[in-house]
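# Examination of the molecular architecture
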Amino acid sequence: MTKVVGIRFKKAGKIYYFDPGDFAVKKGDHAIVETARGIEYGEVVLDVKEVAEEELAAPLKPLIRKATEADAKKVEENKVKEREAFKICEEKIAYRKLDMHLVNVEYTFDIGKIIFYFTADGRIDFRELVKDLAAIFRTRIELRQIGVRDEAKMLGGIGCCGRPLCCATFLGDFEPVSIRMAKDQNLSLNPTKISGICGRLLCCLKYENDMYAGKKKCKRKEPTTVPKPGMMVMTPSGEGRVMHISRSDQTVSVELSPGNRITVGWDEIVESSKVEE
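A brief look at the structure comes next. (Residues numbered from 1 in each chain as written. Predicted model: local features only at pLDDT ≥ 70, side-chain atom pairs only at ≥ 80, totals over all residues. Heavy atoms only, no water.)

### Quick look at the overall build of the protein chain
Across its full length, the protein chain carries seven helices and 13 strands. Its C-alpha radius of gyration of 27 Å places the protein chain more than 25% over the 19 Å reference for a compact globule of 277 residues. Referenced to the eigenvectors of the C-alpha coordinate spread, the extents of the protein chain come out at roughly 80 × 55 × 30 Å. For the protein chain, the residues scored as buried account for 35% of the 277 residues in total. A separation of at least 24 residues holds for 57% of the contacts in the protein chain among residues at least 6 apart in sequence. Within the structure as shown, the protein chain displays about 17300 Å² of accessible surface, and the carbon and sulfur contribution to it stands at 51%. A distance of 2 Å separates the average location of the 47 positive side-chain charges in the protein chain from that of its 43 negative side-chain charges. (Helix = DSSP H or I, 4+ residues; strand = E, 2+ residues; numbered from the N terminus. Rg over C-alpha atoms; globule rule 2.2 N^0.38 Å. Buried < 20%, exposed > 50% of the residue type's maximum accessible area, 1.4 Å probe, protein only. Contact = heavy atoms within 4.5 Å. Areas by Shrake-Rupley, 256 points an atom, 1.4 Å probe, with all protein chains shown as cover. Lys, Arg positive; Asp, Glu negative; His and termini not counted. Charge placed at Lys NZ, Arg CZ, Asp CG, Glu CD.)

### Considering the sheet that holds strand β3 (residues 30-35)
The strand order across the open sheet formed by five strands is β2-β1-β4-β3-β5, and the pairing between neighbours is antiparallel. Both outer strands of the open sheet, β2 (15-18) and β5 (63-66), are each paired with one neighbouring strand and no more. Direction aside, neighbouring strands of the sheet carry axes that sit 45° apart on average. Sheet topology places strand β1 (residues 2-8) next to β2; four bridges connect them, and they run antiparallel. (Pairing = 2+ DSSP bridges. Axes fitted to C-alpha atoms, helices over the stretch in contact; angles between N-to-C directions.)

### Looking at the sheet that holds strand β6 (residues 101-107)
Read across the open sheet, the three strands follow the order β6-β7-β8; overall the sheet is mixed. Every other strand in the sheet has two partners, leaving β6 and β8 (140-145) as the edge strands with one partner each. For this sheet the average axis-to-axis angle between neighbouring strands, irrespective of direction, equals 20°. Strands β6, β7 (113-119) and β8 of the sheet are contacted by helix α2 (residues 127-137), whose axis makes an angle of about 140° with β8. Contacts between helix α3 (residues 148-155) and the sheet are confined to β6 and β7, with β6 contributing the most and set at about 55° to the helix.

### Notes on the environment of Phe-23
By secondary structure assignment, the location of Phe-23 is in the loop between β2 and β3. Spatially, the C-alpha atoms of Phe-23 and Glu-175 are 34 Å apart, while their sequence positions differ by 152 residues. The contacts of Phe-23, once residues within four sequence positions are left out, are Leu-63, Ile-64, Arg-65 and Lys-66.

### Overview of the packing of helix α1 (residues 69-96) against α2
The N-to-C vectors of α1 and α2 enclose an angle of 145°; their axes lie 10 Å apart at closest approach. The chirality of how α1 crosses α2 is right-handed. For the pair α1 and α2, contact is made by Ala-85, Ile-88, Cys-89, Lys-92, Ile-93 and Arg-96 and by Glu-128, Leu-129, Asp-132, Leu-133, Ile-136 and Phe-137, respectively. Of the residues contributing to the contact of α1 with α2, the split by class is eight nonpolar, no polar and four charged. (Left-handed = near helix turned anticlockwise from the far one by under 90°. Nonpolar A, V, L, I, M, F, W, Y, C, P; charged D, E, K, R; others polar.)

### A few points about the nonpolar core
Core analysis: the biggest nonpolar cluster contains 16 residues, and Met-100, Ile-114, Phe-116, Leu-133, Phe-137, Ile-141 and Leu-143 have the highest contact counts within it. Only α1, β6, β7, α2 and β8 provide two or more residues apiece to this core. If near-sequence neighbours (up to four positions away) are discounted, Met-100 is found in contact with Ile-93, Phe-118, Thr-119, Ala-120, Ile-124, Leu-129 and Leu-143. (Core = buried A, V, L, I, M, F, W, Y, C linked by side-chain atoms within 4.5 Å.)

### Focus: the packing of aromatic side chains
In the structure shown here, the tally under the stated rule is five aromatic pairs. Their ring planes at 90° and their centres at 6.2 Å tell us that Phe-9 and Phe-18 sit as a pair that is edge-to-face. Under the relative-accessibility criterion, Phe-9 is labelled partly exposed at 26%. Centroid distance Phe-116 to Phe-137: 6.3 Å. Interplanar angle 45°. Geometry classified as tilted. A residue pair is termed long-range when its members are at least 10 positions apart, and Phe-116 in strand β7 and Phe-137 in helix α2 qualify at 21 residues. Per residue, the accessibility class of Phe-116 equals that of Phe-137, and both read buried. (Phe/Tyr/Trp six-rings, centres within 6.5 Å; stacked < 30°, edge-to-face > 60°.)

Here you go:
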């Protein structure tokens, strides 16, 4: 077993393991560590714990030290520099007439590298742009092309539910989302209703998918014809129109008359006719 501590560098970023060494760090503390892209300042989000060595993808890098107030001040100074670098890069992009959209700029803690994130429809030849930026900042420059989901994660925003975007608040990784999930949950297949502000399928379609998948595997079988909203059916209480169906518990809300609705199981109804929705 190996002792590790979990550190995150962004609000909703991935959690990386490091060797805590002799440092007494706990959740909520900040630390200075060495990463693949340089010296970074991160927040401890997982207390020191032991994990099996086979669970670790690569040899652990040790914590350099606990962060101080001076380190926190330097991080704030770097944020000011990032905003300045953003403006300069936008000017150079316009000067070079490159078809790319700058999204964000990040300095490593030790200013050993500056990373410029951008989106573009295709491949961009930014070699001259890199030379321009390197001449100005005199440090290593990296231009990284990202997708629309990563752009939404970086910029944040408000989703159709009225809450801050999941990807920008707590989702560390993007999980695959398919149209099948929307169908299984009986959701509208209108792209504008099941897509996020990034234009991709809503990440939250994944949240309840396992429950619906589990219901499909249960012994109870679905009827040959799955009821649909607008369908006329016969129930033990009489004929009515299907108003809503619930795949999770396989029930149907049927309106027998204006203001008179009942809920019955799928196996308690028989289709009588169909009407145009």
